[in-house]
Amino acid sequence: MTNSARVNGAQRAGRVAGDVLLALALLAAEAAVGAIVLFLLIMDGWGEPAEDRPFLIALGVGAALTATCAVFLLRARLPAAGLTQGLLAVAFAGVALFGIAAADGTGGTGGSGTGGTGGPGSACRSGGDSHECLGG
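Everything numeric in this text was worked out from a predicted model, so none of it was measured. (Residues numbered from 1 in each chain as written. Predicted model: local features only at pLDDT ≥ 70, side-chain atom pairs only at ≥ 80, totals over all residues. Heavy atoms only, no water.)

(A) Geometry of the overall build of the protein chain. The helix and strand inventory of the protein chain stands at three helices and zero strands. Starting at the N terminus and walking to the C terminus, you meet the elements of the protein chain as α-α-α. Here the protein chain, with 136 residues, has 16% of them falling under the buried criterion. Summed over its atoms, the accessible surface of the protein chain is roughly 9,100 Å², and 69% of this surface lies on carbon and sulfur atoms. (Helix = DSSP H or I, 4+ residues; strand = E, 2+ residues; numbered from the N terminus. Buried < 20%, exposed > 50% of the residue type's maximum accessible area, 1.4 Å probe, protein only. Areas by Shrake-Rupley, 256 points an atom, 1.4 Å probe, with all protein chains shown as cover.)

Here it is in structure tokens:
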């Protein structure tokens, strides 16, 4: 084995180790940011959909930034860091989309009120006569 082959092998090993360390450092940084967002959601009173929306939008923006970072890392031939960032971007986007859908109430059956009877629980468009209410 020549001296240049040993240097190339050592450079490759150093690049792989650097890639894995970068992946772990980015993962730890994003976990810290995620913990802060979760803490703010809990302290703010998790569950009020109108108040959760800014946090969920911030999480979606974070997902977009993480995906962009993943693309740059993959183009720089750092596969471990790029793949972990890509998986984290998918997770962030999934949580943000699920939270926004839950806040909008789109996860239900699509019906509202008490079955469309025009009673006090039905969805009225303008609060007028019963013909303006769904099902009435």
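(B) Focus on the nonpolar core. Core analysis: the biggest nonpolar cluster contains five residues, these being Leu-59, Ala-63, Leu-88, Phe-92 and Ala-96. At three residues, helix α3 (residues 79-104) tops the list of elements feeding residues into this core. Filtering out sequence-adjacent residues up to four positions away, Leu-59 remains in contact with Phe-92, Val-95 and Ala-96. (Core = buried A, V, L, I, M, F, W, Y, C linked by side-chain atoms within 4.5 Å. Contact = heavy atoms within 4.5 Å.)

(C) α3, seen in detail. For α3, built from 26 residues, the straight-helix expectation of 38 Å at 1.5 Å per residue is met to within 8% by its first-to-last C-alpha distance of 37 Å. Buried within α3 we find Ala-81, Gly-82, Gln-85, Leu-88, Ala-89, Phe-92, Ala-96 and Gly-99. (Expected span 1.5 Å × (residues − 1).)

(D) Quick peek at the confidence of the model for the protein chain. For the protein chain, the average pLDDT comes to 76, and 65% of its residues sit at 70 or higher. Taking the mean pLDDT of every element in the protein chain, the minimum, 80, falls on helix α1 (residues 3-43) and the maximum, 88, on α3. Low pLDDT (under 50) marks residues 107-116, which in the prediction has ten contacts with non-local residues, meaning those over four places away or in another chain. (pLDDT = per-residue confidence, 0-100.)

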